[in-house]
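# Results of the structural survey
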Amino acid sequence: MFLRQLLDGALHRMPFYAVAKGRQVGIFKTWPECQQQVNGFTAPRFKKFATEAEAKQFIEQNKGGSTGALTSSWNSRTTGKRSYSASSDTTQPAKKQSKRTVLLHELPAAAGNMVKYGQYSFPQDDDGFVHVYTDGSCEGNGQAHAAAGLGVYFAEGHALNTAQPVSGRATNNCGEIQAASMAIRLAREQGVRRLVINTDSKFLIDSITKWLPGWKRRNWTLASGGPVKNKTDFQELEGELSSGDIEIKWNHVDAHCGILGNERADELARKGTQMYRTMRKTR
């Protein structure tokens with residue numbers, strides 16, 4: 001009896017990896033099984049949950065293609081996953097798919113093509129835009145001994161994926177801005193002329209698309225009269241944007257909701273933060 005209770009408790013605490021878009025849609029017991037379904041898959045959608053009910057709801061709200069009620073089959077002894085398929089005998093309307101990615105302008109086609117520019121191949125959508133994910137990270141943001149890094153992610157195993165410490169002030173926003181500048185430079189050096197920057201920073205997007213012209217008119221001061229804290233980083237980014245030889249689109253993505261590119265950029269930015277700490281210790 002005690003052994004059964006112990007096993008039931010362990011199963012209850014077991015995480016559930018929901019894959020709404022991937023090679024196989026379903027709920028998986030382990031990260032390696034989940035990873036097999038999403039690595040290298042264009043625009044995957046996945047997330048880890050504490051309960052099966054939450055995982056199932058995530059799939060229902062984010063699955064692509066089929067509609068209707070979901071039926072499940074469980075085979076933990078062999079595959080360790082719960083898979084779902086659409087049932088055709090239901091009269092319930094399908095739930096509207098929630099949009100995890102919100103674009104400022106229009107939704108581009110999926111970046112499912114690998115196109116070579118310079119020495120490397122890049123993920124490119126049907127409109128001819130290469131896609132990159134950027135992120136910033138900071139530990140102790142706003143504190144005297146803060147450490148910050150930036151991450152740039154093009155694709156799995158891509159030679160130009162970048163993790164490095166920030167320069168100047170160690171803040172999360174500095175990491176976000178410097179990551180965007182780095183992404184543009186890396187793409188331009190390989191001859192990329194159309195680039196979509198996917199970022200979870202609304203601050204970065206609003207700064208470039210809404211506030212920057214006003215800051216410049218007021219000699220880099222805010223409407224309130226105070227100075228723009230990230231002036232140096234924004235001036236560098238503006239220089240990259242104003243070169244005229246590369247077209248940039250900005251795309252806001254939700255953070256930490258299973259978007260592979262965003263998760264990878266976050267990992268790289270965190271690695272950059274650790275590099276910042278190591279660099280400071282050696283000084």
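Higher on the page you've got the structure.
Residues numbered from 1 in each chain as written. Predicted model: local features only at pLDDT ≥ 70, side-chain atom pairs only at ≥ 80, totals over all residues. Heavy atoms only, no water.

This part takes up the overall build of the chain. The helix and strand tally for the chain stands at 7 helices and 13 strands. A buried classification covers 45% of the 283 residues belonging to the chain. Residue pairs in contact within the chain that sit at least 24 positions apart in sequence constitute 63% of those at least 6 positions apart. (Helix = DSSP H or I, 4+ residues; strand = E, 2+ residues; numbered from the N terminus. Buried < 20%, exposed > 50% of the residue type's maximum accessible area, 1.4 Å probe, protein only. Contact = heavy atoms within 4.5 Å.)

Right, let's get into helix 6 (residues 231–241). Burial in helix 6 covers these residues: D233, F234, L237, E238 and E240. Around the axis of helix 6, the buried residues are gathered within 155 degrees of arc, so they sit on the same side. The elements touched by buried residues of helix 6 are helix 4 (172–189), helix 5 (202–217) and strand 13 (247–253). (Arc of directions from axis to C-beta.)

Bringing the side chain of E240 into the picture now. Mapped onto the elements, E240 comes out in helix 6. A polar atom in the side chain of E240 sits 3.2 Å from the side chain of R185. Contacts of E240, omitting those with residues within four sequence positions, involve S181, I184, R185, R188 and I246. (Polar contact = N/O pair within 3.5 Å; in protein donor to acceptor, adjacent residues only side chain to side chain.)

Our next topic: unusual backbone geometry. A negative phi angle is the norm for most residues apart from glycine, just as the trans form is the norm for most peptide bonds. A positive phi angle, near 60 degrees, is found at N219, a position not held by glycine. Mapped onto the elements of the fold, N219 is located in the loop between helix 5 and helix 6. A residue is classified by how much of its surface remains accessible, and N219, at 59% relative accessible area, is exposed. Even without being a glycine, W220 presents a positive backbone phi close to 60 degrees. As for its position among the elements, W220 is in the loop between helix 5 and helix 6.

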